[in-house]
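Chain by chain, the residues:
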Amino acid sequence: MEMKIKGPTKLVGETRVGTSKNAVLPILAASLLTDEPVTIHQLPKIMDVKVVLQLLKEIGAEIETEENDVTIRGEIFNLYPSTEWVRKIRGSFLMLGPILARKKRVRISLPGGCSIGSRPVDLHLKGFHLMGADIRFVGGDVVAEAPKLRGTRIYLDFPSVGATENIMMAAALAEGTTVIENAALEPEVVDLAHFINTLGGRIRGAGTSLLRIEGVASLHGGHYTPIPDRIEAGSLMVAIAATKGEGVIHNVIPGHVKAVSAKLRESGVEIEEEADRIFIRRSAPIQSIYVKTLPYPGFPTDMQAQMMAYLCGCENSSIISETVFENRFLHVPELLRMGADIRIEGRTAIIRGRGEGLSGAVVKATDLRAGAALLIAGLCANGITTIEDCEHIDRGYENFSEKLSRLGAEIDKSPS
Ligand code: EPZ
């Protein structure tokens, strides 16, 4: 699939953020913690959600979808979900915790690395092992068995989002209390804790680095609406600012995008916040800034590529350091094809603004955030930009190009 963007263009108008992909994926996995019906509202229609729903069906869950709602009854018959579906997205590794908690045994393919890094899962497995699980590696799969999961104290060497979520789900049904030290603080982790507590879980400290999960014998069903997608919100903010546009973005929790707002303001963008919306406008030249990606509440790594595309429009040099993933500059060669002047030194990128702007070119999306960055660059470039493999964008953004088109972008999508 490829998309063509005609630039330069100015984005003006109102738009709305969808539900968070990275909140929904663990919440769907956590629906396996109970065999009573769980209804999730406002599910985003994105590829990653479709894959996880398929995987839940394969495990044995009954799924009923109605418009944007899905009701899941977490029956588990298949303890070995097929590699085919598991390997389609990393998020499927989050099934390990719930299946282990419910059935005491699970075999699941190790998630492969991806374009942004090797993506190890050692911290996930460290947690399960400390809770009493026997962990073995068989033919590229992890086999985990635990006649009984016991609460314990687990220190995470890195505040891993996925490890915090996977361990939290297993601990929800363990015997006794589990304490996770150096837990991830991301809003999606907090949302998962809130969801599990809606089902009768006893999780305290979500949003702090000390999580306390008191195991319960079983969880009941319930209803839940996950949080809005803070990365989609940030991507829309950067797109409007990059095109010297003006817009109102609805269904945003301003507190979740504080780091992005702060760096955009530093670069000269006007931002006003209300309870669930953000007003953004850029009329001045982009000022150079220094960005360093960090675990939440630091600047999100999932916004690094989009910020780099934005800073290509700055007259001076800016610096971006990527401290979370070891290989998350694959969008740089593609931006260079558009005339950007970017030098990589280890995990730091120096972006020398060109003032006169980028020029349209044929580029390739390597992951969904790089795809969003190239889209933003195409909106600012002179001429036509063709993004190949743009289906990466649809993995995590619902109707992103349509939202931008309603703001004035000229975008055509076609099978390549
Ligand atoms: C989640 O991935 C997100 N994905 C990622 O979003 C996001 O970039 C990342 O968190 C960081 O915020 C989902 O929520 C589905 P991590 P996750 O475990 O859980 C190392 C997107 O674009 N690590 O916090 O895999 C790891 O190598 C995606 O939406 C270990 O060393 O991220 C990395 O360097 C991309 N051992 C760092 O921690 C482990 O056991 C952060 O990984 C686990 C992780």
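Residues numbered from 1 in each chain as written. Predicted model: local features only at pLDDT ≥ 70, side-chain atom pairs only at ≥ 80, totals over all residues. Heavy atoms only, no water.

### Some remarks on the overall build of the protein
We apply this condition: Each helix is a run of DSSP H or I of at least 4 residues and each strand a run of E of at least 2, with the numbering of both proceeding from the N terminus. Our radius of gyration is a C-alpha quantity, and the globule rule it is checked against amounts to 2.2 Å times the number of residues to the power 0.38. Using a 1.4 Å probe on the protein chains alone, a residue whose accessible area is under 20% of its type maximum counts as buried, one over 50% counts as exposed, and one in between counts as partly exposed. Residues are treated as being in contact if the distance between any of their heavy atoms lies within 4.5 Å.
A tally of regular secondary structure across the protein gives 14 helices and 23 strands. For a compact globule of 416 residues, the expected C-alpha radius of gyration is about 22 Å, and the protein comes in at 21 Å, within 12% of that figure. Overall size of the protein, expressed as C-alpha extent along the three principal axes, is 65 × 45 × 45 Å. The buried share of the protein, reckoned over its 416 residues, is 56%. Across the protein, the fraction of contacts at a sequence separation of at least 24, relative to all contacts at a separation of at least 6, is 72%.

### Some points on the site of the ligand
Note the following rule: In these notes, residues near a molecule or strand are those with any non-hydrogen atom within 4 Å of it. Within 3.5 Å is the distance limit for a polar contact, defined as a pair of N or O atoms, with the added protein rule that one can donate a hydrogen and the other accept it, and that residues adjacent in sequence qualify only through two side-chain atoms. What sets the accessible areas is the Shrake-Rupley method with a 1.4 Å probe; for residues, cover comes only from the shown protein chains.
The ligand sits among 22 residues. The nearest are Asp 122, Leu 123, Ser 160, Asp 302 and Val 324. The contact in question runs from an oxygen atom of the ligand to an N or O atom on the side chain of Arg 90, over 3.4 Å. Contact between the ligand and Leu 123: an oxygen atom at 2.7 Å from a main-chain N or O atom of the residue. Coverage of the ligand by the protein chains reaches 87% of its 820 Å² of free accessible surface.

### Re unusual backbone geometry
A cis amide bond links Gly 7 to the next residue, Pro 8, at an omega of -5°. Of note, Pro 8 is situated in the loop between strand S1 (2-7) and strand S2 (12-16). Cis geometry is found at the peptide bond from Tyr 296 to Pro 297, where omega equals 10°. Considering the arrangement of structural elements, one finds Pro 297 in the loop between strand S17 (290-293) and helix H10 (304-311). A positive phi is found at Asp 389, a non-glycine position, where the angle reads about 55°. Among the secondary structure elements, Asp 389 is positioned in the loop between strand S22 (383-388) and helix H13 (391-396). The backbone of Asn 399 shows a phi angle near 55°, a positive value even though the residue is not glycine.

### A word on helix H8 (residues 230-242)
Because each turn of an α-helix spans 3.6 residues, side chains separated by three or four positions in sequence point in the same direction. The cut-off we apply is this: An expected span of 1.5 Å times one less than the residue number is assigned to each helix.
Between its terminal C-alpha atoms H8 stretches 18 Å, which fits the 18 Å expected from 13 residues at 1.5 Å a residue. Of all 13 residues in H8, 13 are buried, a share of seventy percent or more. The backbone nitrogen of Ile 231 lies 2.9 Å from a side-chain oxygen of the residue at the head of H8, namely Asp 229.

### Description of the side chain of Ser 318
Turning to its location among the elements, Ser 318 is positioned in strand S18 (residues 317-322). A relative accessible area of 1% means that Ser 318 is categorised as buried. Residues contacting Ser 318, with those up to four places away along its chain left out, are Ser 288, Ile 289, Leu 311, Ala 349, Ile 350 and Ile 351.

### Side note on H10
Here H10 lies mainly inside the structure; eight of its eight residues are buried. Taken together, the buried positions of H10 are Gln 304, Ala 305, Gln 306, Met 307, Met 308, Ala 309, Tyr 310 and Leu 311.

### Some thoughts on the sheet that holds strand S23 (residues 410-414)
Strand-to-strand pairing in sheets goes through backbone hydrogen bonds, with the strands running parallel or antiparallel. We apply this condition: Strands were regarded as paired on the criterion that DSSP finds at least two bridges between them. For helices, the axis comes from a line fit to the C-alpha atoms of the stretch in contact; other axes are also lines fit to C-alpha atoms, and the angle between any two N-to-C directions lies between 0 and 180 degrees.
Spatial ordering of the open sheet is given by S21-S22-S1-S23, a layout of four strands whose pairing is mixed. Looking at the sheet topology across the chains shown, the edges are occupied by strand S21 (362-364) and S23. Between one strand axis and the next, the sheet turns through 20° on average, direction left out of account. Pairing between S21 and S22: three bridges, direction parallel.

### Overview of the packing of helix H1 (residues 21-30) against helix H7 (residues 187-198)
For clarity, the threshold we go by: Each angle is binned into one of four classes, with values under 35 degrees roughly parallel, values over 145 roughly antiparallel, values of 65 to 115 roughly perpendicular, and all other values oblique. Two helices that cross are described as forming a left-handed crossing if the nearer one is turned anticlockwise from the farther one by less than a right angle, and a right-handed crossing if clockwise.
Remark: H1 packs on H7, axes separated minimally by 9 Å, with the N-to-C direction vectors making an angle of 30°. Regarding the angle of H1 to H7, the classification is roughly parallel. Our pair here, H1 against H7, has a crossing hand that is right-handed. Residues Asn 22, Ala 23, Pro 26, Ile 27 and Ala 30 of H1 form the contact with H7, whose participating residues are Glu 188, Asp 191, Leu 192, Phe 195 and Ile 196.

### Overview of the packing of H10 against helix H12 (residues 368-380)
One can describe the packing of H10 onto H12 by two numbers: an axis separation of 7 Å at closest approach and a directional angle of 20°. With respect to H12, the element H10 is oriented roughly parallel. Read as a crossing pair, H10 and H12 show a hand that is right-handed. Counted together, Ala 305, Gln 306 and Ala 309 of H10 and Arg 369, Ala 370, Ala 372, Ala 373, Ile 376 and Ala 377 of H12 form the full contact between these two elements.

### Regarding the domain arrangement of the protein
One frequent convention defines the size of an interface as the accessible area lost when the parts assemble. Rules: Segmentation of the chain into domains, including their bounds, is taken from an automatic or database domain assignment. Accessible area that two parts lose when put together, evaluated with a 1.4 Å probe and summed over both, is termed the buried area. Salt bridges are defined as contacts in which a side-chain nitrogen from Lys or Arg sits within 4 Å of a carboxyl oxygen from Asp or Glu.
Considered domain by domain, the protein is made up of domain 1 (2-18 + 228-414) and domain 2 (21-224). Relative placement of domain 1 and domain 2: their C-alpha centres are 31 Å apart. Counting residues at the interface gives 22 residues for domain 1, matched by 19 residues for domain 2. Regarding the contact of domain 1 and domain 2, the summed buried area is about 1700 Å², with carbon and sulfur atoms giving 53% of it. Looking only at domain 1, the three residues that lose the most surface to domain 2 are Tyr 296, Arg 395 and Glu 398, adding up to 33% of its buried area. The tally of links between domain 1 and domain 2 comes to two salt bridges. Measuring nitrogen to oxygen at the nearest pair gives 2.7 Å for the salt bridge that ties Glu 188 to Arg 230. Connecting domain 1 to domain 2 are six residue pairs in polar contact (both at pLDDT 80 or more).

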